[in-house]
Amino acid sequence: MIADATLDILPKPKLLIGGRDMFDASGGTHGHVYAATGKLTGHIPLAGPEEIDAAVAAARAAAPAWANMLPNERRNILIRFAQLLQRDADILTRLSVIDNGIPLSVAQFGPHVAADSFLYNAGWTDKIGGDVIATWPTPALDYTRDEPFGVVAVIIPWNGPIYALGMVLGPALAAGNTVVVKPPELAPYAAMRFGDLALEAGLPAGVVNIVPGGPAAGAALTTHPGVDKISFTGSGATARHILSAVAPRMTPVHLELGGKSAAVIFDDADLDALDAFSLSGVVNNSGQGCINATRLLVQSRIYDAVVDRIRAQAEQIALGDPMDAATRMGPVIDDRAVQRIMGMIERAPGEGGRLVAGGERAGGALADGYFIQPTVFCDVDPQSELAQHEVFGPVLAISRFDTEEEAVALANGTDFGLAAYVWTRDVKRAHGMASKLIAGNIWVNGFTGIPISAPFGGVGQSGQGRLGGIHGIREYLRAKNVWISL
Ligand code: NAD
C-alpha cells in the first residue's frame, strides 16, 4: 500500500492575479487526485472567462514597466527567482510528485532545470539590442530594435509543470514580456508555489499571473484580444484547436508538441552503454515525456541480442511509491490514461507486435493507483498504431532494419519530428544520420537531458519555434526595423 499524499505540504488551491491570491473562481472546481493512490487531494478553483479577463488585464497593466525596467534590474530579479527555486527545490519536487505521480528521483531535476533556465536567460537581459543594417542606394541609418511582444499566454501540460515553466518563462520574462500561465487542472500545485516565489523574488505584481483551469480556461485565454503571443506545450490535437481558434486574430503561436521519437541502433553500437538508455522511453516519467525514445529501430545482426537484454532489464524494474527516493518508475496520470494505454497494448498483437515484457496494469499494493507495467513489444509493424501514434505511457515499440537507408526511412516515417537518437561507433555515419533525420533534436550515443543553452523544439506535428539558448530569447522578441534618411 502506498502512503497518502503528504497533504500538509499542499498550498491552499488558488489563482494568482495581479499579485493577489484568489481562492474562488467562476469556472467551478476540479477534484485533484494523487495518481499513486487514486485519492482526492483537494478541490482546485478553475479560472473562468472572468478570471482570464482579470489576469490578462493585470499582465497588460504590468507590461510597460517590466519591458522598460533597466535590464540589469530585470536580470537581478530573475537571478533572485532562480535562487528561490533552488532554495525551495525540495518542496517543489514533492509538490510535483503529488501533481502527477512522477517519481521523486525524476521530479527532483525540475526545479534545478527551471532555475538554470532563469539564470541562463537572466544573462540575456542586458544583451538584447538590435543590429545596424547595411542599406543602399540612399544614404540612411537602418537599425533593428528587438522588442517584447507584450502579454504572453502560457499553456503548459501536466507531465512536467515546473520544467515547462522554467523553459518558457525564462526567455519570455527575460525578453521583457509579462505572462498569464494556465497550468493544467490535473497538475496545479507546483505551479501555485512557483507563483509565490515569483512575487517573493520581486517580480512586480501582474508580471506573472497563474490561473489554473481546464480546456475552457485555455480556450478563453488563447482567444483573448489582450494576448500578444501564445506559448503552447501539449498535444497536437489541442494545438490544432488553438490554431484554428486564433486564426481570426492571427495571434503568433509557439508550439511544443508530442513525439514518436526513434532510436536507431546500428550493429556497431556499444551495447553496454546502450543498456542505460534502451528502456528510458518507457521508464522516464512512465513514458509520459515528449522526447522519450518510444521506438527502437535495431539492425538485424544484433536484433535478438538487444531484445533479450531489454527483456531482462524490464523484468528488473520495480514500480513503486513515487515519494520513495529509490523508485525509478511510478504511475501514469489518471484512469483515463490507463484506459487509453491499455487499449493500445491490447490492440498491438493484432497488428503483429510480439509482447516481450509487461502488458498489464499493476495489482496488489499498487491496485488503487494508475500503475502500468513497463511494456515492450518487438517485431512492431512500422505502419501500426504502436509505431505511428504517441502512447504517452510506458510502452516501447521495437522494429528491425537492415540498411542505413531503411533506418532513415523508418525513423522519418511518422508525422512527428521532435527527437531522434543514434547509436553507432562510426563517427562518419553519426554525422550522416544527424543530417538525414527529420527532427528538431538529435542525440548520438547517449542522452543526459536538454541543454539549456541549446535550441529545443520540433518539426511537423511536433511543433514550431524553439526554446533554449539564443533561439529561446528570439522566440519571445520581435524585430522592429527603423530606417532614418541621412
Ligand atoms: P493537452 O493538449 O491535452 O493539454 C495541454 C494543455 O492545454 C492543458 O493545460 C490543457 O488544459 C490545455 N487545453 C486543452 N484544451 C485547450 C483548448 N481548447 N485551448 C487552449 N488550451 C487547452 O496535452 P496534455 O495531455 O496535458 O500533455 C501531453 C502532451 O504534451 C503530449 O502530446 C506531450 O508529448 C506533449 N508535451 C510536449 C512537450 C514539448 O516540449 N514538446 C513537453 C511536454 C509535453
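Values in this document were obtained by computation on a predicted structure and should not be read as measured data.

A.B. asks: Help me out: how do you make sense of the site of the ligand in this one?
C.D. replies: Ile 156, Ser 235, Thr 238, Leu 257 and Glu 390 are the nearest of the 25 residues found near the ligand. Between the ligand and Lys 182 there is a distance of 2.9 Å, counted from an oxygen atom to a side-chain nitrogen or oxygen. Burial of the ligand by the surrounding chains reaches 86%, relative to a free accessible area of 850 Å². Taken together, the elements giving at least two residues each to the shell around the ligand come down to helix H8 (215-222), strand S10 (229-233) and helix H9 (236-246). Within the shell around the ligand, the residues separate by chemical class into 14 nonpolar, 8 polar and 3 charged. Mapping the shell around the ligand onto the domain boundaries places at least three of its residues in each of domain 1 (7-257 + 460-485) and domain 2 (261-444).

A.B. asks: Any chance you could explain the domain arrangement of the protein chain here in plain terms?
C.D. replies: As a measure of interface size, the accessible area lost when the parts come together is often cited. According to the domain assignment, the protein chain consists of domain 1 (7-257 + 460-485) and domain 2 (261-444). Computed from C-alpha atoms alone, the centre-to-centre distance between domain 1 and domain 2 is 31 Å. For the domain 1 and domain 2 pair, buried surface summed over both sides reaches about 2,000 Å², with 62% attributable to carbon and sulfur atoms. Applying the counting rule to domain 1 against domain 2 returns 0 salt bridges. At the junction of domain 1 with domain 2, the criterion picks out 7 residue pairs in polar contact (both at pLDDT 80 or more). At the level of secondary structure, the elements contributing two or more residues to the side of domain 1 that touches domain 2 comprise strand S3 (29-34), helix H3 (89-100) and helix H4 (104-107). At 5 residues, H3 tops the list of elements feeding residues into the side of domain 1 that touches domain 2.

A.B. asks: Which parts of the structure should I look at to understand the nonpolar core?
C.D. replies: For soluble globular proteins, nonpolar side chains are generally found buried alongside one another. With 100 residues, the main nonpolar core has Leu 169, Leu 173, Leu 203 and Ile 398 as its most contacted residues. Here the element with the most residues in this core is helix H6 (residues 161-174); it accounts for 9 residues. Three or more residues apiece are contributed to this core by two domains, here domain 1 (7-257 + 460-485) and domain 2 (261-444). Not counting residues up to four positions away in its chain, the partners in contact with Leu 173 are Trp 66, Arg 74, Leu 78, Phe 118, Val 179, Leu 203, Val 207 and Val 208. Grouped together as the second largest cluster of nonpolar side chains are 25 residues, Ala 55, Ile 230, Ala 239 and Leu 257 included.

A.B. asks: Even after reading the chapter, I still don't get the packing of helix H5 (residues 109-122) against H6, so can you show me in this structure?
C.D. replies: Each packed pair of helices is defined by two parameters, the angle between the axes and the distance between the axes. Viewed as axis vectors pointing N to C, H5 and H6 meet at an angle of 10°, and their least axial separation amounts to 8 Å. The angle between the axes of H5 and H6 places the two elements in the roughly parallel class. Where H5 approaches H6, its residues Gly 110, Pro 111, Val 113, Ala 114, Ser 117, Phe 118 and Asn 121 are matched on the opposing element by Ile 162, Tyr 163, Leu 165, Gly 166, Met 167, Leu 169, Gly 170, Pro 171, Leu 173 and Ala 174. Split by residue class, the contact of H5 with H6 holds 12 nonpolar, 5 polar and no charged.

A.B. asks: Any chance you could explain the pattern of salt bridges here in plain terms?
C.D. replies: Note that side chains of opposite charge can pair when their charged atoms are close. Within this structure, the stated rule accounts for 21 salt bridges. Of the charged contacts in the structure, one is a salt bridge between Lys 127 and Asp 126, with a shortest N-O distance of 2.8 Å. Salt-bridge contacts for Arg 361 lead to Asp 335; the nearest nitrogen and oxygen are separated by 3.5 Å. With Arg 361 in the loop between strand S14 (354-357) and strand S15 (375-378) and Asp 335 in helix H13 (residues 335-347), this residue pair connects regions lying 26 residues apart in the sequence.

A.B. asks: It is not clear to me how the packing of aromatic side chains should be interpreted in this structure. Could you clarify?
C.D. replies: For any pair of aromatic rings, the description consists of the separation of the ring centres together with the inter-plane angle of the planes. Applying the stated criterion across every chain, the model contains 11 aromatic pairs. Considering the side-chain rings of Phe 266 and Phe 401, the 5.5 Å spacing of their centres and the 85° angle between planes classify their relative orientation as edge-to-face. In this pair, Phe 266 sits in the loop between strand S12 (261-265) and helix H10 (271-278) while Phe 401 sits in strand S16 (residues 395-401), placing the two residues 135 residues apart along the sequence. On the basis of relative accessible area, Phe 266 is assigned to the buried category, the value being 0%. With a centroid separation of 4.8 Å and an interplanar angle of 80°, the aromatic rings of Trp 443 and Phe 447 are classed as edge-to-face. Here Phe 447 falls in the partly exposed class, since its relative accessible area comes to 29%.

A.B. asks: Please clarify how helix H2 (residues 71-87) should be interpreted in this entry.
C.D. replies: Because each turn of an α-helix spans 3.6 residues, side chains separated by three or four positions in sequence point in the same direction. Look at H2: 24 Å from first C-alpha to last across 17 residues, which is about the 24 Å you get at 1.5 Å a residue. For H2, the complete set of buried residues consists of Arg 74, Ile 77, Leu 78, Phe 81, Ala 82, Leu 84 and Leu 85. With its buried residues spanning 160° around the axis, H2 presents them on a single face. Elements that come into contact with the buried residues of H2 comprise helix H1 (49-68), H3, H5, H6 and helix H7 (189-201).

Reading guide: rules and limits
- Residues numbered from 1 in each chain as written.
- Predicted model: local features only at pLDDT ≥ 70, side-chain atom pairs only at ≥ 80, totals over all residues.
- Heavy atoms only, no water.
- Near = heavy atom within 4 Å.
- Polar contact = N/O pair within 3.5 Å; in protein donor to acceptor, adjacent residues only side chain to side chain.
- Areas by Shrake-Rupley, 256 points an atom, 1.4 Å probe, with all protein chains shown as cover.
- Helix = DSSP H or I, 4+ residues; strand = E, 2+ residues; numbered from the N terminus.
- Nonpolar A, V, L, I, M, F, W, Y, C, P; charged D, E, K, R; others polar.
- Domains from an automatic or database assignment.
- Buried area = accessible area lost by both parts, 1.4 Å probe.
- Salt bridge = Lys/Arg side-chain N within 4 Å of Asp/Glu carboxyl O.
- Core = buried A, V, L, I, M, F, W, Y, C linked by side-chain atoms within 4.5 Å.
- Buried < 20%, exposed > 50% of the residue type's maximum accessible area, 1.4 Å probe, protein only.
- Contact = heavy atoms within 4.5 Å.
- Axes fitted to C-alpha atoms, helices over the stretch in contact; angles between N-to-C directions.
- Parallel < 35°, antiparallel > 145°, perpendicular 65-115°, else oblique.
- Phe/Tyr/Trp six-rings, centres within 6.5 Å; stacked < 30°, edge-to-face > 60°.
- Expected span 1.5 Å × (residues − 1).
- Arc of directions from axis to C-beta.

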